[in-house]
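Descriptive structure summary
Residues per chain, in single letters:
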Amino acid sequence: MALLPPRLFLDSADPADWEQWLPLGVFHGVTTNPLLLDRAGQDCTLANLARLGGRAFDLGAREIHLQVWGDDEDALVTCGRELVGLAPQVAVKVPATDTGLRAARRLLAEEVGVTVTAVYNAGQVLAAAALGVLYAAPYLGRIDDLGRDGTAEVIAMHELLRSTENPTRLLVASLRDWDKVVELAWEGLDTFTISPAVAAAMLDDPDTDDAADAFEEAARRRGG
Ligand code: E4P
């Protein structure tokens, strides 16, 4: 079996975060939703998402996840069509509600790449996989917030997909600590979306900075 690199996404709709993190090359892309747009002070409009998408691709994103909005199934489907019309590398996010799954089915029939999001239980993962979506995104931290063991539940979701040899990827979201990412990677999970704060905690290490400074000083002492 081919070994694939882990797939990391940056969970942010703020172009300032993208500018900081995407040029590093570590992130496959970005995940957004209306709440993240709101937090970033960005309008949830097709015109603004077109502008933001262009920026993310310029910065090296290979895929962006944009979430549908609307009052009913037809509105979600129309929105999804418009979002994927912005670029073929858009994965259309739909919440794992009854209406969301119905919209997902119709979008999938048009060969739109779909991410089922706001997943809180393994049954929803099974449903998403049965539909044939690209990704199912469990909210680990929020499951913990409910007094459940989010890590154990997400690992069980992963086992479920693996036992059915389903190509749907589990895209773990709502991660609050980087060591959780490592713990899940040990269990064979390979697709995560992390906030800029978690990215910073994971990738900025003062001891590494000190080591790099010492290399530079030694190079300078030796004429470099
Ligand atoms: C994913 O789409 C969500 O933005 C996210 O991961 C939720 O994280 P939170 O529970 O920390 O808000």
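The preceding data block contains the structure.
Here goes a summary of the coordinates provided. Think of each chain on its own: its residues are numbered from 1, step by step along the sequence as written. The predicted origin of the model limits local features to residues at a pLDDT of at least 70 and limits the giving and counting of side-chain atom pairs to 80 or more, whereas totals for whole chains, interfaces and linings rest on all residues. Note: side-chain values were computed over all heavy atoms of the structure, leaving out hydrogens and water.

Sheet strands line up and pair through hydrogen bonds in the backbone, either parallel or antiparallel. Here, any two strands with at least 2 DSSP bridges between them count as paired. The numbering of helices and of strands both runs from the N terminus, where a helix is a DSSP run of H or I of at least 4 residues and a strand a run of E of at least 2. Here nine strands make up an open sheet; going across it, the order is S7-S6-S5-S4-S3-S2-S1-S9-S8 and the pairing parallel. Each having just a single partner strand, strand S7 (169-170) and strand S8 (172-175) make up the two edges of the open sheet. Pairing geometry for strand S4 (residues 90-95) and strand S5 (residues 114-119), over four bridges, is parallel. In the sheet register, Pro95 faces S5, and the bridge partner there is Thr117. Working rule for contacts: check all heavy atoms of both residues, and any pair within 4.5 Å makes them a contact. Whenever a helix is involved, its axis is fitted only over the stretch in contact; in every case the axis is a line through C-alpha atoms, and angles between N-to-C directions fall within 0 to 180 degrees. Here helix H5 (residues 98-109) sits on the sheet and contacts S4 and S5; the angle it forms with S4, its principal contact strand, is near 155 degrees.

The next point concerns the site of the ligand. In these notes, residues near a molecule or strand are those with any non-hydrogen atom within 4 Å of it. Within the structure, the ligand sits among Asp11, Asn33, Leu36, Arg39, Lys93, Tyr139, Arg142, Ala173, Ser174 and Arg176. The separation between an oxygen atom of the ligand and a polar side-chain atom of Asp11 is 2.8 Å. Under the rule applied, a polar contact is a pair of N or O atoms within 3.5 Å (in protein, one hydrogen donor and one hydrogen acceptor; residues adjacent in sequence only if both atoms are side-chain atoms). Separating an oxygen atom of the ligand from a side-chain N or O atom of Arg142 is a distance of 2.7 Å. Sorting the residues of the shell around the ligand by element identifies helix H2 (34-39) and S8 as the ones contributing at least two each. Polarity classes work like this: nonpolar for Ala, Val, Leu, Ile, Met, Phe, Trp, Tyr, Cys and Pro, charged for Asp, Glu, Lys and Arg, and polar for all others, with Gly in that last group. Tallied by class, residues from the shell around the ligand come to three nonpolar, two polar and five charged.

Our next topic: the packing of aromatic side chains. Classification of ring pairs rests on two measures: the distance between centres of Phe, Tyr or Trp rings, Trp counted by its six-membered ring, which must be within 6.5 Å, and the angle between planes, read as stacked under 30 degrees, edge-to-face over 60 and tilted in between. In the structure shown here, the tally under the stated rule is two aromatic pairs. Here Phe9 and Tyr135 contribute two aromatic rings whose centre-to-centre distance is 5.8 Å and whose plane-to-plane angle is 85 degrees, an arrangement assigned as edge-to-face. With a gap of 126 residues between them, Phe9 in strand S1 (residues 7-11) and Tyr135 in strand S6 (residues 135-138) connect regions that are remote in the sequence. Accessibility classification places Phe9 together with Tyr135 in one group, the buried group. Measuring from ring centre to ring centre gives 5.9 Å for Tyr120 and Tyr139, while their planes differ by 65 degrees; the resulting arrangement is edge-to-face. Here Tyr139 lies in the loop between S6 and helix H7 (140-145) and Tyr120 lies in the loop between S5 and helix H6 (122-131), a separation of 19 residues in the sequence. Looking at Tyr120, the relative accessible area reads 24%, which means it is partly exposed. Classification of residues uses two cut-offs on accessible area relative to the type maximum, computed with a 1.4 Å probe and protein chains only: under 20% is buried, over 50% is exposed, and between them is partly exposed.

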